[in-house]
Amino acid sequence: MRHYARRDAAPTHPSAGSGDIATDLTRALELLRGLRTADTPVPYRGGAMALHGMLLMDRYMTDPGRYAADPAMADQLLSSALELPMDYRSRIGARLRLAYSRLAIAHSTGDANGLDAAVALMRGAVSDIPPQSPLHAGALGCLADVLQTRAQTTGMPEHQREGTELCREICRNDADSDRAAVYLAARGWAQWAWRRGAMDEVAEAGRIALPLLYDIAALQLGREGKAVPLRQADRLSARTAFALVAVGQSAAAAIALETGRALMLGEVMQREHPDLLSLMDSDYHNLVSRFRRAAERLTSVERRLLFGPQDAPVIDGARESYRARLDEMDDVVQDIRRLPGFGTFLRPPALADLTGTAASCRSTLVYLAATDRGGVALVVPRTAAVPPAARTRTGPGTEVTAVPLPRLTTDFEQSSVAALRLALERDVEHGDRDAAERSMDELTGRLWKSVMEPVVQAVGSGTDMVLIPDGPLGTLPLHAAAYPDPSAPTGRRFVIDDLPVAMAPSARTLSIAVARTPAPVHRVLAVRDPRPSSEVLLPGAVSEIERIRDVLPPSVRVLELHGAAATRQGVQQALVDVQICHFACHAHAYPDRPLDGGLSLAGDASLTVRDMFAMPSISARLAVLSACDSGRFDETLPEEVVGLATGFFQAGFAAVLAALWPLEDAPAAAQMALTYRHWLSDGMSLPAAVRSAMVWIRDSTNGQKAAAFPELDFAPGDPAATADAEWLSTRDHSSPLVWAAFVCLGI
């Protein structure tokens, strides 16, 4: 019904086609209301009426405040439907939803007798389902949900214990028979326990639910289908990690955050799993061939779904084919898991995956998570050399340090994102640079005090650090968190003054990216100034590309596409055979439609996130997206980090440099040139090269910049400034607003 509602929705309908569940359900309800009873065959009237009532309850659950009238209407429809003939499954569903409708009515009015009646109605529905029925576990989950809601309303300990014990029973008895029912029961239990502050129960329930979420998301059809359970998880991994730290299980907390991060990206990238290489020269090489064929077929169908009609019904041929390809992939994965040493192949992550990534990257991994009760950082060191006072023993020979961040609440997170937007609005839309810089200074000061100060202390100065931030934290300039320092040229000391900072969607995706790093660079793609285009020219783009040419070894060939040659098709073809690609152009991000964001090319075409997700797998070292907003990602599902940068990451680039906000032309061009020089000529690691370039842009005077990059205009609109002594000695680009936009995804 959701798919048909979206397909038939009129273009003028609010949010039509947006994928919003409540909107889809509303359209489905409109279609049902349009059916006349006389037109419905008698045997199906009860089922149609029950469907109407069930959809009303589904819509109510998306927003109880907005759809407060739905339970009463659903109650009438479901009661009437149960008096008519209908099939067994529909009757069970109608009885369960009727109990929910009466529970909702009683909950809203505070009617204790009504709550008990709703529980009794649900018990009766469950008792009529044989224990061996495939519907039994799901019905028990509904009963647990009703019991928890009653307990929340009454606050009676016996009601709480009954709900908790039923959830445990479902998780214990039905783990092998109905994973979806167990997941829903565990997720609901975790949410309920979180509201009560029962951290031991949150930890217990979350550790059951998260691996099941990993499996359930993998079985959904297409990205849209996978996004539904991921959105419904509602910070499950962050809350589970917080609870696990509270009960002294820091390693398990880090695993929880890893399990809930970038599931869709990890699913695709793990098809290039490096463990497969060890099978190539063994007696099991045929399994590698089977796996790769299955992965190629599955990926091919996923590309069709990406570019096909997004409102197609689930029964169309592409989706049926996708299900068959999922089954094919599952078969070969199960065969690989039967081999000695491969029992955990493509399973949810374990601690060894995290410590192995830290070791292979020679970097300390830092997970960051915020909840409404506070936040936590989990530090996975590149070695076991953690100061004794900071150690939390978590397993044989391994230490994971938990750093409490009490100020890092979801409110702090949201207010910080709002503060960043305000600073950018003042700069870009209102042209008030002074106000924008003050806002940015306030924000970076808050980020230091509330987040990064204890993290830097735990990690230690000079240590390479990879941040894996949960949720919207990844949109913030954590590397530019700062505190006053009168001895510094700018009067402030920043995180990057103590250690290089890289970012990663997850440890698993980072390890795969590092493992597939190609041989030395021999070919570079440079894209600039696509034409024709409605976008303005970037004056620094020519210099940016020329400076990059200057630091490349003579053996490296540069393919430059500009003007009419910078077409979408030309760029896609060139990407397949380069080790570095550099884009000096415009980009557009659409937070509500992340797959449609992309880089602007000739003819106002775009190389979109959707294009990159559909690219054939390539092997490349670095993508530089020197374009405004190229580092932004899907704000409706931030844990999945869906954006242009991760599109290149998934396509096969080991690392990506991208911008979190609009760039200033001349400083950005100089910063990129310096990054290449430090990386390719001076032998620095990529994160260290990015850091050194940032520091120089920040600390150098206008005169030093003009001398180092005479071809760039650091005083646009004021040609006389370069002869002014005061201007030459000023640091116009010392604000993080100028130099901190770039983030390094990967190493």
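Because the structure is a prediction, the values reported are computed rather than measured. (Residues numbered from 1 in each chain as written. Predicted model: local features only at pLDDT ≥ 70, side-chain atom pairs only at ≥ 80, totals over all residues. Heavy atoms only, no water.)

### Focus: the overall build of the protein chain
Working step 1: Across its full length, the protein chain holds 29 helices and 18 strands.
Working step 2: Its C-alpha atoms give the protein chain a radius of gyration of 28 Å, near enough to 27 Å, the size a compact globule of 747 residues would have.
Working step 3: Across the protein chain, contacts joining residues at least 24 apart in sequence account for 73% of those joining residues at least 6 apart.
Working step 4: About 30500 Å² of surface is accessible on the protein chain, with carbon and sulfur atoms providing 52% of the total.
Working step 5: With 75 positive and 89 negative side-chain charges, the protein chain shows a separation of 4 Å between the mean positions of the two kinds. (Helix = DSSP H or I, 4+ residues; strand = E, 2+ residues; numbered from the N terminus. Rg over C-alpha atoms; globule rule 2.2 N^0.38 Å. Contact = heavy atoms within 4.5 Å. Areas by Shrake-Rupley, 256 points an atom, 1.4 Å probe, with all protein chains shown as cover. Lys, Arg positive; Asp, Glu negative; His and termini not counted. Charge placed at Lys NZ, Arg CZ, Asp CG, Glu CD.)

### Quick look at the pattern of salt bridges
Working step 1: For the structure shown, the criterion picks out 36 salt bridges.
Working step 2: Residue Asp-70 is joined to Arg-59 by a salt bridge in which the shortest nitrogen-to-oxygen separation is 2.8 Å. Here Arg-59 lies in helix H3 (residues 42–62) and Asp-70 lies in helix H4 (residues 70–81), a separation of 11 residues in the sequence. For the pair Asp-70 and Arg-59, one class covers both residues: buried.
Working step 3: Arg-549 is paired through a salt bridge with Glu-560; the nearest N and O atoms lie 2.9 Å apart. In this pair, Arg-549 sits in helix H21 (residues 541–551) while Glu-560 sits in strand S11 (residues 557–563), placing the two residues 11 residues apart along the sequence. (Salt bridge = Lys/Arg side-chain N within 4 Å of Asp/Glu carboxyl O. Buried < 20%, exposed > 50% of the residue type's maximum accessible area, 1.4 Å probe, protein only.)

### Description of the pairing of strand S2 (residues 374–380)
Working step 1: Counting buried residues along S2, seven of its seven residues qualify, which places the element largely inside the surrounding structure.
Working step 2: Here S2 shows two buried faces, one formed by Gly-374, Val-376, Leu-378 and Val-380 and the other by Gly-375, Ala-377 and Val-379.
Working step 3: For strand S1 (residues 364–371) and S2, the ladder comprises seven bridges, and the chain directions are antiparallel. Among the inter-strand pairings, Ala-369 is bridged to a residue of S2, identified as Val-376.
Working step 4: Once S1 ends, the chain turns through two residues before running back antiparallel as S2. (Pairing = 2+ DSSP bridges.)

### Re the environment of Arg-677
Working step 1: Structurally, Arg-677 is set in helix H25 (residues 665–681).
Working step 2: For the pair formed by Arg-677 and Val-551, sequence separation is 126 residues and the distance between their alpha carbons is 5.7 Å.
Working step 3: When sequence neighbours within four positions are dropped, the list of residues in contact with Arg-677 reads Val-551 and Asp-682.

### Some details on the packing of helix H9 (residues 179–196) against helix H12 (residues 236–246)
Working step 1: At their nearest, the axes of H9 and H12 sit 11 Å apart, and the two run at 60 degrees to each other. As summarised for this structure, H9 and H12 are arranged oblique, according to the angle between their axes. Here H9 runs over H12; the crossing is left-handed. Residues Tyr-183, Arg-187, Ala-190 and Trp-194 of H9 form the contact with H12, whose own contacting residues are Leu-236, Arg-239 and Phe-242.
Working step 2: Broken down by class, the residue content of the contact of H9 with H12 amounts to five nonpolar, no polar and two charged. (Axes fitted to C-alpha atoms, helices over the stretch in contact; angles between N-to-C directions. Parallel < 35°, antiparallel > 145°, perpendicular 65-115°, else oblique. Left-handed = near helix turned anticlockwise from the far one by under 90°. Nonpolar A, V, L, I, M, F, W, Y, C, P; charged D, E, K, R; others polar.)

### Looking at the sheet that holds strand S15 (residues 606–608)
Working step 1: Spatially, three strands are ordered S13-S14-S15 in an open sheet, and the strand pairing comes out antiparallel. Only two strands of the sheet have a single neighbouring strand rather than two, namely strand S13 (587–588) and S15.
Working step 2: Examined bridge by bridge, strand S14 (residues 598–600) and S15 share three bridges and lie antiparallel to one another. By the bridge assignment, Leu-599 is partnered in S15 with Leu-607.

### Regarding the packing of H21 against H25
Working step 1: At their nearest, the axes of H21 and H25 sit 9 Å apart, and the two run at 10 degrees to each other. By the angle between their directions, the pair H21 and H25 is classed as roughly parallel. For the pair H21 and H25, the contacting residues are Ala-541, Glu-544, Arg-547, Ile-548 and Val-551 in the first and Asp-665, Ala-669, Met-672, Ala-673, Tyr-676, Arg-677, Leu-680 and Ser-681 in the second.
Working step 2: Among the residues making up the contact of H21 with H25, the classes are represented as eight nonpolar, one polar and four charged.

### Considerations on unusual backbone geometry
Working step 1: A cis amide bond links Arg-531 with the next residue in sequence, Pro-532, at an omega value of 0 degrees.
Working step 2: Residue placement: Pro-532 occurs in the loop between strand S10 (523–530) and H21.
Working step 3: In this model, Arg-235 sits at a positive phi of 60 degrees, which is unusual for a non-glycine residue.
Working step 4: Mapped onto the elements of the fold, Arg-235 is located in the loop between helix H11 (222–232) and H12.

### A short note on the confidence of the model for the protein chain
Working step 1: Across the protein chain, the average pLDDT comes to 86, with 92% of residues at or above 70.
Working step 2: Ignoring residues within four places in sequence, the model shows residues 384–397, a span with pLDDT below 50, making 20 contacts including any to other chains. (pLDDT = per-residue confidence, 0-100.)

### A few points about the packing of aromatic side chains
Working step 1: Enumeration according to the criterion identifies eight aromatic pairs in this entry.
Working step 2: Members of the aromatic cluster, joined through ring pairs, are Phe-291, Phe-342 and Phe-345.
Working step 3: When the ring centre of Trp-192 is taken as reference, the NZ or CZ atom of Arg-196 above it lies at 4.2 Å.
Working step 4: Sitting above the plane of the Tyr-590 ring, Arg-593 keeps its charged end 4.6 Å from the centroid. (Phe/Tyr/Trp six-rings, centres within 6.5 Å; stacked < 30°, edge-to-face > 60°. Lys NZ or Arg CZ within 6 Å of the ring centre and 35° of its normal.)

### Some points on the side chain of Thr-646
Working step 1: Topologically, Thr-646 is positioned in helix H24 (residues 644–651).
Working step 2: Setting aside its immediate chain neighbours within four residues, Thr-646 contacts Leu-265, Pro-505, Phe-613, Val-641 and Leu-745.

### Things to note about H25
Working step 1: Taking 1.5 Å of rise per residue, 17 residues should cover 24 Å, and H25 covers 24 Å from first to last C-alpha, within 8% of that figure.
Working step 2: Burial of H25 is extensive: 13 of the 17 residues sit out of reach of the surface.
Working step 3: At the C-terminal side of H25, Gly-683 shows a positive phi close to 75 degrees. (Expected span 1.5 Å × (residues − 1).)

### What about helix H5 (residues 88–109)?
Working step 1: The end-to-end C-alpha separation of H5 is 32 Å, in line with the 32 Å expected for 22 residues at 1.5 Å each.
Working step 2: Residues of H5 that are buried: Ser-90, Ile-92, Gly-93, Ala-94, Leu-96, Leu-98, Ala-99, Tyr-100, Ser-101, Leu-103, Ala-104 and Ala-106.
Working step 3: Of the residues flanking the start of H5, the one acting as N-cap is Asp-87, its side-chain oxygen 3.2 Å from the backbone nitrogen of Arg-89.
Working step 4: Immediately downstream of H5, the backbone of Gly-110 shows phi near 75 degrees, a positive value. (Polar contact = N/O pair within 3.5 Å; in protein donor to acceptor, adjacent residues only side chain to side chain.)

### Thoughts on the environment of Glu-302
Working step 1: Along the polypeptide, Glu-302 turns up in helix H15 (residues 285–307).
Working step 2: In sequence terms Glu-302 and Ala-673 are 371 residues apart; their C-alpha atoms lie 37 Å from each other.
Working step 3: Non-local contacts of Glu-302, meaning those with residues more than four positions away in its chain, are made with Val-268, Arg-271 and Tyr-322.

### Quick look at the pairing of strand S17 (residues 653–659)
Working step 1: Burial analysis of S17 places seven of its seven residues in the buried class, the great majority of the element.
Working step 2: Here four bridges tie strand S16 (residues 620–626) to S17, and the two strands are oriented parallel to one another. Residue Ala-620 lies in a different strand from S17, and its bridge partner there is Phe-653.
Working step 3: Handedness of the crossover is the feature at issue here: the chain leaves S16, passes through H24, returns alongside S17, and the resulting connection is right-handed. (Right-handed = clockwise from strand over helix to strand, strands pointing away.)

### Observations regarding the environment of Gln-671
Working step 1: Examined against the element boundaries, Gln-671 turns out to sit in helix H25.
Working step 2: Owing to a relative accessible area of 1%, Gln-671 belongs among the buried residues under this scheme.
Working step 3: As a C-alpha pair, Gln-671 and Arg-102 span 569 residues in sequence and 62 Å in three-dimensional space.
Working step 4: Leave out the neighbours within four places in its chain, and Gln-671 touches Ala-693, Met-694, Ile-697, Val-738, Trp-739 and Phe-742.

### Examining the side chain of Thr-26
Working step 1: Note that Thr-26 resides in helix H2 (residues 21–33).
Working step 2: Separated by 2.9 Å, the side chain of Thr-26 and the backbone oxygen of Ala-22 make a polar contact.
Working step 3: In this view, Thr-26 contacts Arg-59 and Tyr-67; residues no more than four positions away in its chain are not counted.

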